[in-house]
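# An overview of the molecular structure
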Amino acid sequence: MRRFVRPLLLTALAACCGAAFAGTAEQAPQGRLPRWAVPQSYRLSFKVDPAQQDFSGTTTIKVKLTQASDHLWLDGSELTVSKVTVTDAADKVHAGKYVAVDPKAGVVRIDFGSTLKPQELTLSFDYTAPLNAQLQGLYKVSAKGQPYAMTQMEPISARFAFPSFDEPGFKTPFDISLTIPDSQTAVANTQQVKEVPAGKGWKTLTFAQTLPLPTYLVAFGVGPWSIATAPDISPDAYRNTPLPLRGIASAGEAHRMSHVLGETPSIIHALENYYGFGYPWDKLDVLAAPDFSAGAMENAGLVTFRDWLLLLDKDSPARNVRGSFNVTAHELAHQWTGDTVTLEWWNDIWLNEAFATWMQQKVTMEVHPEYRADLDRVRGGQGAMANDSLVSARRIRQPITGNGDIMTAFDGITYQKGASVIGMFESYVGEKTFQKGMRAYIQQHKFGNAVADDLVSAIATAAGKGDAFKHAFNSFLDQSGVPYVQTKLEQKDGKTVLQLSQSRYLPLGSTGDAQRIWGVPVCVRYGTTDGSKVSCEMLDKTTGSMVLAGASNPTWVMPNANAGGYYRFSLGKQDLASLTHAAGKLSDAEQLAYADAIDASFRHGDLDAGDVLAALKPLTGSKIREVATAPLGQLGWIYQHEATTDAQRARLAEWVKDAYLPRLEQLGYQRKAGESEDDSLLRSTLASSLAFDFKLPEVRAALLKQGEAALKPKADGRLDLDAADPDLLGDALGIAVQEQGKPAVDALIAELPKTSDAALRNGILGGLSSVEDPALTEQVRNFALDKQVKVGEMTMLLMSGRDTTAQRDAMWQWFTAHYPQILARTGSFAGGFLPRLAAGGGCSQAEADRVQAFFKPRLNDAAGIERGLAQTGESIQLCSALKAKQDPAAIVR
């Protein structure tokens, strides 16, 4: 609703109020705001009652005007501004005009009424605005029937909450005050310093001034919050004072935050020790949001999370417990890279997100080495490569041409590719050297802004490297794609030589140009008579070579030693056979790189399904969960898209059963006392894949038994959801939905509104998402649009049910019929996701054509649709090309 109604109001306002100063002919800025008007500080006053639909505010901004002008530009969206005053340096007050020149982008012109010379101005705005319904800006949510108002400003949603220079390059102090009902509690970026009555039933809370922040890090929340106060985090060598720590949650839930509050001090100390720089804010609150568009948000001093990441107990799913630590470490890492040092502009969002991802993995390896964050980095990089293989892939430093480029920048390229590239160059210069460069970078730019060259130069200086190093690093930042390192072993003059060549990896069906060069630090492991050795070479030309000193003859080669490089590799069939034979000698990370190489060769058309089954078999016996389960994704694709006969599907199911069922049965279907989180995670992965992807009847029967028990009503009429293993609840309910049909679907739909526990809600949604019956699938999708399903929960119900052409056709018909409702609930933050929601998983040219035809006329409906359409369409075409190339007969040969 917001995108279609409110912009008309703002357009009318512009037409009404712009006439007074029509002489201002300058066009609205299409990208960054001009730098001749620079904010110096903000004073934000809000009056908020979460029970209402609107709020009011007064924003005062001190602005340095560096050239004579009769206007300036800033950002505001859906704000009804009743009064603007402009106070000049001589304290003369001018009546200003607020003109919404580009309502869709949120660009506003403030007219002064006359030309003012360069000076410091004070701008004041009185306004009202709706509490946002799409989880952006200052938005409204509810928990257990009680309303809350909270913020999510990143990337460009502060403009929905207050008039602002809504760009990361403008960092200033903020003074925040909140006038709220007496019964409510409020939290913000900094500690509360004052509370005074504000009339009947109201009070005003004032918070300490912040250190310089960009608008996207401003945060506060109002509601009947419950607060858990933890012990202060102790001082250390880099911070002289204790750090207050609290957990914030909806009413009655804060007691469930003891786990995350207990983990947080170790994360803070690890980060302070790495950067040699103390946590800079005056307190640390972590808030469990009742509904949230992102996973979490690194607001300075008030970090917000999806509630299931923080509300934990002894029965919480293992994936929630582990996810809680990893996401907390990521968001707290941002307090240095992102909050203390902030990107100058959105093309460098990797300086925030890639470094937080990389640093989270370092912290996790230090505090919880059993979580194997080293393998998470490898798997994350490989996931990014799937997207990076598209011609339509973004660069890490993607030029920003509009708001759509900003909204779609928060993807696997920025996070996982960025972290993988950072890790690769960290390995190249050495961990201590890289740390020295990072410490210098933080010190040089603290409480300010930075660009990529600042970071790369800091690392180069610490390492004593010159332009060649910078060029190599920048070659991964400034161009898209995955390097494809092709190798060939040769014997020359009694030496073993590995010939190298590089190009861009492009899968079958791609229209891209493979001619591309990076500066790739290539490291290879190779067999020797007494074990193995590693040799490294900077490959910065099309071809190169390295002598493998001491190599056995014959030898084997792993072209990505320690899986430390962001590149894919290929081997000839004989060399691949040698590496397959030596797979057990590889490290865990290298075995993941080996699995990815098999997948890459399959999608490149060099291997068939039979080759894949043979090559991946050695990995299934690994004791390491991530390695043992690595083949499942590729086998799932072959089962879904390539297998066309019962015999072929039976062959794949038998392969999977032989490889994995004994291990699952050894684990059992219930959590055991004292078992590791890894066992719980392995149980969940195997049970889900074997039951749903490969339809093994033994596994389905075991899950059905739990699902039936969970669906049995208790004495109070509520479902007995605790009867299922907490790690298997969604899967157990999913099998029950498939077997029982409508009674199970109706029972779960009825139970969801009665359930506030986030983990149980996820289980219910997971069960509903497994529905297969066409009529029931439509019922579940319609339910996804109901307000009883949170906005942040919708995709759990809408991304499923697309394994077959018939299912995807049904989803397409439903999506196109309900597109306005979907857009109204999610459009402001999910534009880039909409094409994938509609057509993701497609594997035919017809599916690619119809998604293009539908969205081409709708590119302006929400920021990001254009890039989402390009990537979804290309992915469908690549799937279709691979399906056409591969011979299903190879499955049973």
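Residues numbered from 1 in each chain as written. Predicted model: local features only at pLDDT ≥ 70, side-chain atom pairs only at ≥ 80, totals over all residues. Heavy atoms only, no water.

### Remarks on helix α20 (residues 729-740)
Here α20 contains twelve residues, and its C-alpha end-to-end distance of 16 Å stays within 8% of the 16 Å for a straight helix at 1.5 Å per residue. Across the twelve residues that make up α20, a large majority, ten, are buried. Turning to α20, its buried residues are Leu729, Gly730, Asp731, Ala732, Leu733, Gly734, Ile735, Ala736, Val737 and Gln738. In the core, the buried residues of α20 are packed alongside α18 (677-693), α19 (697-711), α21 (742-751) and α22 (758-769). (Helix = DSSP H or I, 4+ residues; strand = E, 2+ residues; numbered from the N terminus. Expected span 1.5 Å × (residues − 1). Buried < 20%, exposed > 50% of the residue type's maximum accessible area, 1.4 Å probe, protein only. Contact = heavy atoms within 4.5 Å.)

### A look at the pairing of strand β26 (residues 531-539)
Where a strand is regular, its side chains alternate between the two sheet faces. As defined by bridge partners, strand β25 (residues 520-528) adjoins β26 across nine bridges and the pair is classed as antiparallel. Looking at β26, one finds that Gly527 is bridged to Ser532. The loop that links β25 with its antiparallel partner β26 comprises two residues. (Pairing = 2+ DSSP bridges.)

### Points about the nonpolar core
Judged by nonpolar contacts, the single largest core of 167 residues is most densely connected at Phe162 and Trp350. Setting aside residues no more than four positions away along its own chain, Phe162 makes contact with Tyr42, Leu44, Phe46, Thr59, Asp75, Leu79, Tyr127, Met153, Phe174, Thr215 and Val218. Ala615, Leu728, Val789 and Leu823 belong to the second-largest nonpolar core, a separate cluster that totals 108 residues. (Core = buried A, V, L, I, M, F, W, Y, C linked by side-chain atoms within 4.5 Å.)

### Details of the sheet that holds strand β12 (residues 185-188)
Across the sheet, four strands lie side by side as β9-β10-β15-β12; this open sheet has antiparallel pairing. This sheet does not close on itself; its edge strands, each paired only once, are β9 (137-143) and β12. Going across the sheet, the axis of each strand differs from the next one's by a mean of 15°, ignoring polarity. Both strand β10 (residues 146-152) and strand β15 (residues 220-223) contribute to a ladder of two bridges, which runs antiparallel. Along β15, the bridge assignment pairs Ala149 with Val222. (Axes fitted to C-alpha atoms, helices over the stretch in contact; angles between N-to-C directions.)

### Concerning the state of the cysteines
For the structure shown, the criterion picks out two disulfides. Residue pairing for Cys523: its cysteine sulfur links by disulfide to Cys536, the two sulfurs lying 2.1 Å apart. Because the sign of the S-S torsion sets the handedness, a value of about 110° for the bond joining Cys523 and Cys536 places this disulfide among the right-handed ones. Here Cys536 lies in strand β26 and Cys523 lies in strand β25, a separation of 13 residues in the sequence. Its relative accessible area of 44% is what places Cys536 among the partly exposed residues. Across the disulfide from Cys843 sits Cys879; the S-S distance is 2.0 Å. Where Cys843 bonds to Cys879 through sulfur, the torsion about that S-S bond is close to -90°, and the disulfide is left-handed. Note that Cys843 is positioned in the loop between α26 (834-839) and α27 (845-855) and Cys879 in helix α28 (residues 865-885), a separation of 36 residues in sequence. (Disulfide = S-S within 2.5 Å.)

### Considering the pairing of strand β18 (residues 284-289)
Most of β18 is tucked away: six of the six residues are buried. Side chains of β18 alternate between two faces, with Leu284, Val286 and Ala288 and Asp285, Leu287 and Ala289 buried alike. In terms of strand pairing, strand β17 (residues 243-249) meets β18 through four bridges, oriented parallel. Of the residues in β18, the one forming a bridge with Gly247 is Val286. What joins β17 to β18 is helix α2 (residues 258-275), and the crossover it makes is left-handed. For β18 and strand β20 (residues 302-306), the ladder comprises five bridges, and the chain directions are parallel. Directly across from Leu287, in β20, lies its bridge partner Thr304. (Right-handed = clockwise from strand over helix to strand, strands pointing away.)

### Notes on the sheet that holds β20
Overall, mixed pairing links the five strands, which are arranged β16-β17-β18-β20-β19 in an open sheet. At either margin of the open sheet sits one strand with a lone partner, and together these are β16 (226-233) and β19 (296-297). The pairing of β19 with β20 spans two bridges and is classified as antiparallel. Directly across from Met297, in β20, lies its bridge partner Thr304.

### Some points on helix α4 (residues 318-333)
End to end, α4 covers 23 Å across 16 residues, agreeing with the expected 22 Å (1.5 Å per residue, within 8%). Among the 16 residues of α4, 14 are classified as buried, and the element is accordingly described as predominantly covered.

So yeah, pure geometry; function would need other evidence.
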